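Summary of the model geometry
The residues making up each chain are set out below.
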Amino acid sequence: MPKDHGIGASSKRREDERFLTGVGNYTDDINLRGQAYVHFLRSDVAHGKINKVDTSAAEAMPGVVRIFTGADFDGVGGLPCGWQVTDKHGQPMQEPAHPVLAQGKVRHVGDPIAAVVAETAAKARDAAEAIEYDIDELPAVIDMKKAVQPDAPKVHDDLESNLCYDWGFVEENKPAVDEAFEKAAHVTTLELVNNRLIANPMEPRVAVGDYARATDESTLYTTSQNPHVIRLLMGAFVLGIPEHKLRVVAPDVGGGFGTKIFHYAEEAFCTFAARALARPVKWTASRSEAFMSDAHGRDHVTKIELALDADNNFTALRTDTYANMGAYLSTFAPSVPTWLHGTLMAGNYKTPLIYVNVKAVFTNTVPVDAYRGAGRPEATFQLERVIDKAAIELGVDPIELRRKNFITEFPYETPVAVAYDTGDYHATMDKLEEIADLSGFEARRKESAARGRLRGLGVNTYIEACGIAPSNLVGQLGARAGLYESATVRVNATGSISVMTGSHSHGQGHETAFPQVVADMLGIDESMIDIVHGDTARVPMGMGTYGSRSLAVGGSAMVRATEKVINKAKKIAAHLMEASEADIELKDGQFTVAGTDKSVAWGDVTLAAYVPHNYPLEDIEPGLEETAFYDPSNFTYPSGAYACEVEVDPETGKVTIERFAAADDFGNIINPMIVDGQVHGGIGQGIGQALLEGCAYDENGQLITGSYMDYAMPRADDVPFYQVDHSCQTPCTHNPLGVKGCGEAGAIGSPPAVVNAVVNALRSGGHDLTHIDMPLSPSRVWQAMNA
Amino acid sequence: MYNFDFVKPSSIKEAVEALGTEEAQALGGGQTLIPTMKQRLAMPAKLVSLSGIAEMKGVGKNAAGELVVGGATPHATVEREAGDYPALAELARHIGDPAVRNRGTIGGSLANNDPSACYPAAVLGSGATVVTSNREIAADDFFEGMFTNALEDGEIITEVRFPIPQAANYQKFEQPASRFALVGVFVAKLKDGVRVAVTGASEEGVFRWGEAEKALSSDFSPSAVEGLSVSADGMIADLHGSAAYRAHLVGVLTKRAVAAAG
Ligand SMILES: Cc1cc2nc3c(=O)[nH]c(=O)nc-3n(C[C@H](O)[C@H](O)[C@H](O)COP(=O)(O)OP(=O)(O)OC[C@H]3O[C@@H](n4cnc5c(N)ncnc54)[C@H](O)[C@@H]3O)c2cc1C
């Protein structure tokens, strides 16, 4: 019987009522008295030397409050990078300055040159058009491999080159890996591109800066996945405002997918300008601005090689990747192709020797950073593609080849520095074969053939490292912040509860799932519990939501705080019932004394805590509110097996997805419906990457895909009905909920399944090919068939 | 967007007068013009809305048996009311999304003559007549290349007259992002022969594929166009498809349109 409340119940998402009825409170809904509006004048060239920015005519335009240029930010900090990678020679990465407004040079189309603050958004835009500027266009570097040539133009003149870092992982293993390749019975090599994506959350970015002269306090309202992180980065590194004078609020946020993790120039600008002008300053991105100023994702060019012995055991893996950083280092950019990518290269397989090389490269493009999955989709894609190619070359069944090499014993130490705590890869593959009805595939293929269509099947597995945390571990890997989470459980006198969490919900359904956990622990109704998030003034501390960490880390902090509440409440209950604390039990919202029929209700205890007439004041304080910080000992390792069936129209190259099945192991599940939704959305984005999406620049650095006319987002009719299963559960061993995280799995696991399926379909039609680069648009597939 | 004046006349005569002033521009459904103005790429001083002119709206039939569509008729109305010309109703049904179809008009589409738009293929493929505020223009004389046509300044498309073919079909192969036609082929079997009009493919905009018309006029079957091909010269090449791919699609879609027209 499915549960109807608490952990394991598919409670309906309570936040959806306000989202669907138009009463959400998004940043753009915030309008403050006396608010001015900013319009950014953005570079229309990819690379150029700024000779002159003359604002005098524009200043005289009606409604202009003030115009800022790069010069106004002399002495103000630049946008910081939160992660430092050490290269294979032990040297720190090259780290360029990133001014809030361009100084001296513009480095990508969309780089802000000036900011006009005016009484209305339209007046700001009018005045921006009147700014006279003179920029000498310089040759742009767009292609990564050309960018690292010695004679390439430099994106940053003060750096030695466009190479941010050359990272080897694990460098000491390289000789052994190379040797294994020499001894291999078979080597499969695959060169591929992991296409550049633009996240496109439904809500574009917005920032409202406010300043209170009376108290010298600044407030920033912003579309962020992690307001405390923005407070830290902007306060400490850019504007020099201490935490107690800076409040950051991220109210309802309409999707993030990673791109709203980072600290952006517009946030710093609005906060800065609000102080300078002593009035609120608001910016709302247009969709066109979003395309050229939101951090992009992926953009790797990779060569991967897999060595096998004569029995088809994987003996070694070697990869060589170029990772695009764009023109500046976005907040977590350096970590994505390294620690979120190299550490996952073992996948679900017991390959004993692995070497990963990553060259991170500056180009005249928008900065690139984490996008749903961040590094892990790139790792999974190349690994699962090279395995399929090996199966083709060896003439073996791709599922059998995988099964043969699965890790089966846990905990498992990979050769790439992580230790998987639990997993059962055969179990998820078994489940997949069942739900995807793989045994019926040949019949379906015949039926497709009768309609003139080529049908293909693609199967793969994935592993991810989620619950991004262990502060001590990420610190060793270069993180400049800790990655714990905090929660405060505030029990009110009547027994209702506000849980302040540092996790941020921007679509994930925390307001529903988190109360299920607390309600389950206390045995009270979920409706008595509300989640408070997204405001540094209301939540003590937080590291935010990304890397599928909210439940595993934030939820665990909440469990710890709730445990503290229960301990204290039991003391109060013991006093009320004149019993020993050790004998108190809490069940279904009732405190009882073991072996007696004495009981007091949850509400009696909470009331006593705040009306301490009959209360052990000498032993405990009044009130019932507890805070916990949780910092786990390891990542969590969700895994799964995915299957995709496609049809290809051989005349046009058009691919349609006919079936898609996902068998995931997320450990324990709090709300199965929300988990289904997360997987559905993730697969939708993965299908988007595989078939539709692809950010393209021309050789001059102009963004070709600058609108939805050319950037293809997946739509409802691009995706099939999914078979999703998460009944295979190997709970995480090191967090109190046994949960692993489910937010990114779909986006990580699905692209290789789609490409494997298309390759399989085309081969069944006699096309002797082993790879097509994403997105597999009709024209690319047709091209590949007719090459 | 810049400021502009707005008028909404209720007759063609008033509209023509209003358009006589400097920098005035007709507004159909605004599905192309308004986004262009928002991007500040167009800046008319005055918009003359055609949506209040009853005589320019609706679908009917004239004495000659032609289907007559008012120049300010939204796509959704054509979709619902052009039952006498099913291929045309079907074409309208696949333009954009419901919002676009409820606002966008046939007159706006033809006046704009986007090289990837659908209506130009139907108009040229049917051999329709474009009726304007001061003349009648045969489809063959109307389209003059990408975004250009025979309309003069201030001239309004008031209606389009479609001869109803014995059989017709439009095959639209969607560009994955915009879902306009990457290539679209309209095939119509009329009493004096077959017409094949191709949109989306050529740098010259919508065009007739003469070779296929000839073959189909003597044998209206998919096999009649088997082996025929258009040259890739002058075809559009972009992110979404090479010139060769577009040329190839013209052949595939023509065959499919004939098969579907039956
Ligand atoms: C998201 C989206 C998807 C779309 N998909 C498709 C598609 O798949 N296929 C397709 O064919 N089209 C598509 N369109 C375009 C759509 O069909 C528009 O309706 C059409 O291009 C313009 O018609 P309109 O009435 O909106 O004209 P407007 O935008 O109002 O005007 C366009 C131009 O025509 C002029 N004009 C308008 N009416 C007249 C008239 N009666 N006489 C003379 N000049 C006039 C205007 O002055 C202007 O120059 C799409 C549009 C959008 C926004």
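This one's a predicted model, so the numbers in the text were calculated from it and none came from an experiment.

1. Looking at the overall build of chain A
Counting its regular elements, chain A contains 19 helices and 28 strands. The C-alpha atoms of chain A give a radius of gyration of 27 Å, which matches the 28 Å a tight globule of 787 residues would have. The principal-axis extents of the C-alpha atoms in chain A amount to approximately 85 × 75 × 50 Å. For chain A, with 787 residues in total, the buried portion stands at 62%. Across chain A, contacts joining residues at least 24 apart in sequence account for 80% of those joining residues at least 6 apart. A total of about 27700 Å² of accessible surface is found on chain A, and carbon and sulfur atoms cover 50% of it. Here chain A holds 67 positive side-chain charges and 105 negative ones, and the gap between their average locations is 2 Å.

2. Let's talk about the domain arrangement of chain B
Residues and elements named next belong to chain B. Taken as a whole, chain B is organised into domain 1 (5-162) and domain 2 (167-261). With centres defined by C-alpha atoms, the gap from domain 1 to domain 2 works out at 23 Å. Of the residues lining the interface, 22 residues belong to domain 1; the matching set on domain 2 comes to 21 residues. Its salt-bridge partner being R208, residue D140 comes within 3.1 Å of it at the nearest N-O pair. On inspection of domain 1 and its partner domain 2, the count reaches 8 residue pairs in polar contact (both at pLDDT 80 or more). Ranked by the residues each element gives to the side of domain 1 that touches domain 2, the list is headed by helix 7 (residues 119-126), at 6 residues.

3. Structural notes on the site of the ligand
All names here are of chain B. Of all residues adjacent to the ligand, which total 30 residues, the nearest are A26, G29, G30, L33 and T105. Taking A26, its main chain carries an N or O atom lying 2.5 Å from an oxygen atom of the ligand. One of the backbone nitrogen or oxygen atoms of G28 is found 2.8 Å away from an oxygen atom of the ligand. Compared with its free state, where it exposes 960 Å², the ligand has 89% of that area covered by protein.

4. Overview of the packing of aromatic side chains
All names here are of chain A. A complete count under the given rule lists 33 aromatic pairs over all chains for this structure. Their ring planes at 70° and their centres at 5.3 Å tell us that F291 and Y708 sit as a pair that is edge-to-face. Here F291 is found in helix 8 (residues 287-293), whereas its partner Y708 is found in the loop between helix 17 (672-692) and strand 28 (722-725), with 417 residues between them in sequence. With centroids separated by 6.1 Å and ring planes inclined at 40°, the aromatic side chains of Y412 and Y420 adopt a geometry described as tilted. Both residues of the pair, Y412 and Y420, belong to the buried class. Pairwise contacts between aromatic rings join F40, F68, F73, F269, F272 and W283 into one cluster. The lysine or arginine in question, R205, covers the ring of Y264, its NZ or CZ lying 3.6 Å from the ring centre.

5. Here's the deal with the nonpolar core
With 206 residues, the main nonpolar core has I497, F591, W602 and F660 of chain A as its most contacted residues. Broken down by element, the residue count for this core peaks at 12 residues, all from helix 15 (residues 550-576) of chain A. Residues contacting I497 of chain A, with those up to four places away along its chain left out, are V489, R490, V491, N492, V518, L522, I524, M528, I529, D530 and W602 of chain A. In terms of nonpolar packing, the next biggest core, distinct from the first, is built from 38 residues, Y85, L110, I137 and F186 of chain B among them.

6. Some thoughts on the sheet that holds strand 14 (residues 314-326) of chain A
All names here are of chain A. Reading across the sheet, the 5 strands line up as 7-15-14-13-8 and stay open at both edges, with mixed pairing between neighbours. Two strands lie at the open edges of the sheet, namely strand 7 (163-169) and strand 8 (186-194), each paired on one side alone. When strand polarity is set aside, the average angle formed by the axes of neighbouring strands in this sheet is 10°. When strand 7 meets strand 15 (residues 353-362), the two strands line up antiparallel, connected through 6 bridges. If you follow D166 over to strand 15, its bridge partner there is K359. Of the strands in this sheet, strand 8, strand 13 (300-308), strand 14 and strand 15 are in contact with helix 5 (residues 174-183), which crosses strand 14 at around 120°.

7. Things to note about unusual backbone geometry
Residues and elements named next belong to chain A. The step from F169 to V170 runs through a cis peptide bond, and the omega angle for that step is -5°. When you line up the elements, V170 lands in the loop between strand 7 and helix 5. For the bond running from F410 to P411, omega is -5°, close enough to zero to count as cis. If you trace the backbone, P411 turns up in the loop between helix 10 (398-405) and strand 16 (412-413). Notably, D216 is not glycine yet its phi reads approximately 60°, a positive angle.

8. Examining helix 7 of chain B
When you tally the buried positions in helix 7 of chain B, you get 8 out of 8 residues, the bulk of the element. Within the sequence span of helix 7 of chain B, burial applies to Y119, P120, A121, A122, V123, L124, G125 and S126 of chain B.

9. Re the pairing of strand 26 (residues 639-648) of chain A
Residues and elements named next belong to chain A. A large share of strand 26 lies buried, amounting to 10 of its 10 residues. With burial as the criterion, each face of strand 26 is covered, one bearing S639, A641, A643, E645 and E647 and the other bearing G640, Y642, C644, V646 and V648. Bridge count between strand 18 (residues 454-463) and strand 26: 10 bridges; the pairing is antiparallel. By the bridge assignment, I463 is partnered in strand 26 with S639. Pairing geometry for strand 26 and strand 27 (residues 655-665), over 10 bridges, is antiparallel. Among the inter-strand pairings, A641 is bridged to a residue of strand 27, identified as A663. The antiparallel pairing of strand 26 with strand 27 creates a hairpin that spans 6 residues between the two strands, and G653 there sits at a positive phi of about 80°.

10. Some remarks on the interface of chain B and chain A
Between chain B and chain A, the contact holds 23 residues from the first and 25 residues from the second. In total, about 1900 Å² of surface goes out of reach between chain B and chain A, with carbon and sulfur atoms giving 49% of it. Scanning the region where chain B abuts chain A turns up 7 salt bridges. Across the pair R179 of chain B and D718 of chain A runs a salt bridge whose closest N-O atoms are separated by 3.2 Å. At the boundary of chain B and chain A, one finds 17 residue pairs in polar contact (both at pLDDT 80 or more). When residues of the side of chain B that touches chain A are assigned to their parent elements, the largest contribution, 7 residues, is made by helix 11 (residues 243-261) of chain B. Partitioned by chemical class, the residues of the side of chain B that touches chain A number 11 nonpolar, 7 polar and 5 charged.

11. With respect to the domain arrangement of chain A
Residue and element names in this part refer to chain A. Taken as a whole, chain A is organised into domain 1 (34-141 + 205-284), domain 2 (296-469 + 634-785) and domain 3 (484-630). Here domain 2 and domain 3 have C-alpha centroids that lie 40 Å from each other. If you look at the interface, domain 2 gives 21 residues, while domain 3 gives 18 residues. For the pair domain 2 and domain 3, the two sides together bury roughly 1400 Å², of which 65% comes from carbon and sulfur.

12. Let's talk about the packing of helix 15 of chain A against helix 16 (residues 602-610) of chain A
Residues and elements named next belong to chain A. Two numbers describe how helix 15 lies on helix 16: the axes approach to 9 Å, and their chain directions differ by 90°. When the axes of helix 15 and helix 16 are compared, the pair comes out roughly perpendicular. Residue-level inspection shows V565, A569, I572, A573 and L576 of helix 15 in contact with helix 16, the latter providing W602, D604, V605, A608 and A609. For the contact of helix 15 with helix 16, the class distribution of residues is 9 nonpolar, no polar and 1 charged.

13. Notes on the side chain of K431 of chain A
With respect to the element layout, K431 of chain A can be found in helix 11 (residues 425-435). Beyond its immediate chain neighbours, meaning those up to four positions away, K431 of chain A contacts A663, D725, S727 and C728 of chain A.

Rules behind the numbers
Think of each chain on its own: its residues are numbered from 1, step by step along the sequence as written. Lettering of chains starts at A and numbering of ligands starts at 1, both following the order in which they are written. This being a predicted model, a pLDDT of at least 70 is required before a residue's local features are given, and a value of 80 or more before pairs of side-chain atoms are given or counted; all residues contribute to the totals for chains, interfaces and linings. Based on all heavy atoms of the structure, the side-chain values leave hydrogens and waters out of the count. Only DSSP runs of H or I reaching four residues or more are called helices, and only runs of E reaching two or more are called strands; each is numbered from the N terminus. What the globule rule says is 2.2 Å times the number of residues to the power 0.38, and the radius of gyration is computed from C-alpha atoms. Burial classes follow relative accessibility: with a 1.4 Å probe on protein chains only, a residue under 20% of its type's maximum area counts as buried, one over 50% as exposed, and anything between as partly exposed. Contact criterion: two residues are considered in contact whenever any of their non-hydrogen atoms come within 4.5 Å of each other. The method behind every accessible area is Shrake-Rupley, applied with a 1.4 Å probe, and residues are considered shielded solely by the protein chains displayed. This count recognises Lys and Arg as positive and Asp and Glu as negative, with His and chain-terminal groups excluded. For charged residues, the charge sits on one atom: NZ in Lys, CZ in Arg, CG in Asp, CD in Glu. Domain start and stop positions are those given by an automatic or database domain assignment. The rule for a salt bridge is simple: a side-chain nitrogen of Lys or Arg has to be within 4 Å of a carboxyl oxygen of Asp or Glu. Distance and chemistry together define a polar contact, namely a pair of N or O atoms within 3.5 Å, with one atom able to donate a hydrogen and the other to accept it when in protein, and with adjacent residues in sequence counting only for side-chain atoms on both sides. The cutoff for a nearby residue is simple: one of its non-hydrogen atoms must lie within 4 Å of the molecule or strand. Any two rings among Phe, Tyr and Trp, with Trp reduced to its six-membered ring, count as a pair given centres within 6.5 Å; such a pair is stacked if its planes are under 30 degrees apart, edge-to-face if over 60, and tilted if neither. To sit over a ring, a charge needs its Lys NZ or Arg CZ within 6 Å of the ring centre and within 35 degrees of the ring normal. The criterion is simple. A nonpolar core is a set of buried Ala, Val, Leu, Ile, Met, Phe, Trp, Tyr and Cys residues joined through side-chain atoms within 4.5 Å. Each pair of strands is called paired provided DSSP finds at least two bridges between the two strands. Where helices are involved, their axes are fitted lines through C-alpha atoms of the stretch in contact, as for all axes, and angles between N-to-C directions lie from 0 to 180°. Two parts placed together each lose some accessible area under a 1.4 Å probe, and the buried area is that loss summed for both. Gly counts as polar in this scheme, as do all residues outside two lists: the nonpolar Ala, Val, Leu, Ile, Met, Phe, Trp, Tyr, Cys and Pro, and the charged Asp, Glu, Lys and Arg. Oblique is the label for any angle not covered by the other classes, which are roughly parallel (under 35 degrees), roughly antiparallel (over 145) and roughly perpendicular (65 to 115).

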